[in-house]
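# Analysis of the macromolecular model
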Amino acid sequence: IQLARDSELLIYVQLPRAEDVATARRAAAEAGFYGTRIYVEQGDLARLYLADNLADALIATPDSAGLPEAEVLRVLRPQGKAILGGRELVKPIPEGVDDWSHPYHGPDNNPQSQDRLARGPYLTQFLADPRYAPLPQVAVAAGGRVFKAFGHIAFKTREEPWLDTLAAFSGYNGTLLWRREIPAALMVHRNTLIATPTTVYFGDDQSCKVIDAATGQTRDEIAPPADVAGGTFWKWMALEDGVLYALIGEQEQRDPVIRMRSTNHGWPWNPLSPGYNQAEHTWGFGRTLLAIDPQTKKILWRHQEPEPIDSRALCLSHGRIYAFRMGAFLTCLDAKTGQAAWRKTPQNDAPLFESLGGYLNRQDWRTNWRTTAYLKCSDKVLYFAGPQVAKLVAVAAADGRVLWEQPYSNYQLVLRDDGLYALSGQVGAEVGMGGQFRPELSRVPEPSRKFDPLTGQVLAELNLGRRACTRPTGAIDAVFCRASGGSTRLDVSSNQWGLISPMRAQCQDGV
């Protein structure tokens, strides 16, 4: 009871004897904590009634006979601590855990986890606030912590407390660890949030904040001179082999902070916000790419383009950076030197740009948000797909030539070792801005497909596609998406689908 008074901890007590349980419950209730901060259950100590990897700390009283050390380690989260009489025990981090360091897992924009432990069957580990939060959002994870940036659009009053916020949560039990404000109406749906087990990098309109992952305190700030970087606004970031890469440029058009206070069902697509609703997309463009040593802040190299790079089509894999602007250029840079390995333009490779086509100004619940990335890469292939392009196009990473294409325009991609998974949406290519349903343009969508990544050969047709805008993600044994009924898992060994939760993930991060 004193611990509850002196802290914010949630406390679970397990006692073998019924009379002790009754006494403890009565005392906690009289103190005003029972059922809110203190929970008491009866049970033999050979089995603790907690999920695996859940508890931050465990204290066993001296009379806790029969409590197995293996059971203690089961319920403790990695790096959690147990006090067993006079002895302390810290749970080690298991091998095979993967970080999700960038908004799309890594700087290649491929939302496929390499974690070897997270696999089916999937069970509910915890429920935690916020259940609803502003849009857009991005999330990264490292060292057992999840870091989320919440944006500037609150459709309902319940979302308003989280407007323009960067927050950290325990990945094991959902506890809020810290939160801090970010600049108002900053467009967070981009690659400007990176997590490591010790450090969070967050790029805003003035600099990159170097934040202590455990406390949320700013440890440092990276702010190259504006005349060198072309401005102070961080448009895109990537971290690989200890080098921080950044697209920096001029200030952008800013939305107002939206407090819609709607009492209607669901979330509207029209209107979203002035920036999302207008015809021209102005977020995320910059001319200057920098490679920076984050320890010394020294600029290692600088690359400038005559026309702004689209940060939604900027990615990094195996020491190469790929940068694109629709109708203007596609270039490959050596990440160590910043020198161009190759460069394609409409003048020297007209077939490439004819294949990619023109920019599609699409956005609705079936095609996804137009702030989403539309270029993914591996060491061998670049994949263009998303609301901004009219087909799926695969381009050779070695020299920029078109390898193959598929005419369906509403795929979202997850690249795995066994193939390229392309999950179809609910309609075909033609979707009006703002999500207006036009029956004459609606049709039965193409099936989801598994392609050979190099040739485009169809390896399998998958019997279910995405529902709405929530983007797909991948685990070691599964591809996830939102389908009819909720969050859904495709077992990649059998190509069979199954519902894992009736709850839906939010749009930008996926399951």
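An account of the accompanying structure is given in this report. (Residues numbered from 1 in each chain as written. Predicted model: local features only at pLDDT ≥ 70, side-chain atom pairs only at ≥ 80, totals over all residues. Heavy atoms only, no water.)

## Topic: the overall build of the protein chain
The line we're drawing: Here a strand is any run of E in DSSP of at least two residues, a helix any run of H or I of at least four, and the numbering for each starts at the N terminus. Atoms counted for the radius of gyration: C-alpha only. Globule rule: 2.2 Å times the number of residues to the power 0.38. Think of it in three bands: with a 1.4 Å probe and only protein chains considered, a residue is buried below 20% of the maximum accessible area for its type, exposed above 50%, and partly exposed in between. Should any heavy atoms of two residues lie within 4.5 Å, those residues are considered in contact. Method for areas: the Shrake-Rupley scheme with a 1.4 Å probe, in which residue coverage is limited to the protein chains shown. By the counting rule applied here, Lys and Arg register as positive and Asp and Glu as negative, while His and the ends of each chain are not counted. By convention, charge coordinates are those of NZ in Lys, CZ in Arg, CG in Asp, or CD in Glu.
From N to C terminus, the protein chain includes six helices and 34 strands. Here the C-alpha radius of gyration of the protein chain, 25 Å, is about what a compact globule of 511 residues would show, namely 24 Å. Projected onto its principal axes, the C-alpha positions of the protein chain cover 85 × 55 × 45 Å. The burial tally for the protein chain puts 54% of its 511 residues in the buried class. Expressed as a percentage of contacts within the protein chain between residues at least 6 apart in sequence, the contacts between residues at least 24 apart total 54%. A total accessible area of about 22400 Å² is found for the protein chain, and carbon and sulfur atoms account for 52% of it. Looking at the protein chain, you have 55 positive and 56 negative side-chain charges, and the mean spots of the two groups are 3 Å apart.

## Quick word on the packing of aromatic side chains
Applicable threshold: Aromatic rings from Phe, Tyr and Trp, taking only the six-membered ring of Trp, are treated as a pair when their centres fall within 6.5 Å; an angle between ring planes under 30 degrees marks them as stacked, one over 60 as edge-to-face, and anything in between as tilted. We count a charge as sitting over a ring when the NZ of a lysine or the CZ of an arginine lies within 6 Å of the ring centre and within 35 degrees of the ring normal.
A complete count under the given rule lists 15 aromatic pairs for this structure. For the pair Y322 and W342, a centre-to-centre distance of 6.4 Å together with 40 degrees between the ring planes defines the contact as tilted. Residue Y322 is located in strand β20 (residues 320-325), and its partner W342 is located in strand β22 (residues 340-344); the two are separated by 20 residues in the primary sequence. Taking relative accessible area as the criterion, W342 reaches 10% and is therefore assigned buried. Directly above the ring of Y132 sits R158, whose terminal nitrogen or CZ lies 3.6 Å from the centroid.

## Quick word on unusual backbone geometry
Here the bond from L135 into P136 is cis, since omega is -15 degrees, no more than 30 degrees from zero. Backbone torsion omega between N270 and P271 reads 10 degrees, so that peptide bond is classified as cis. Inspection of the secondary structure puts P271 in the loop between β16 (258-259) and α5 (274-277). One non-glycine residue with positive phi stands out, namely R261, at about 55 degrees.

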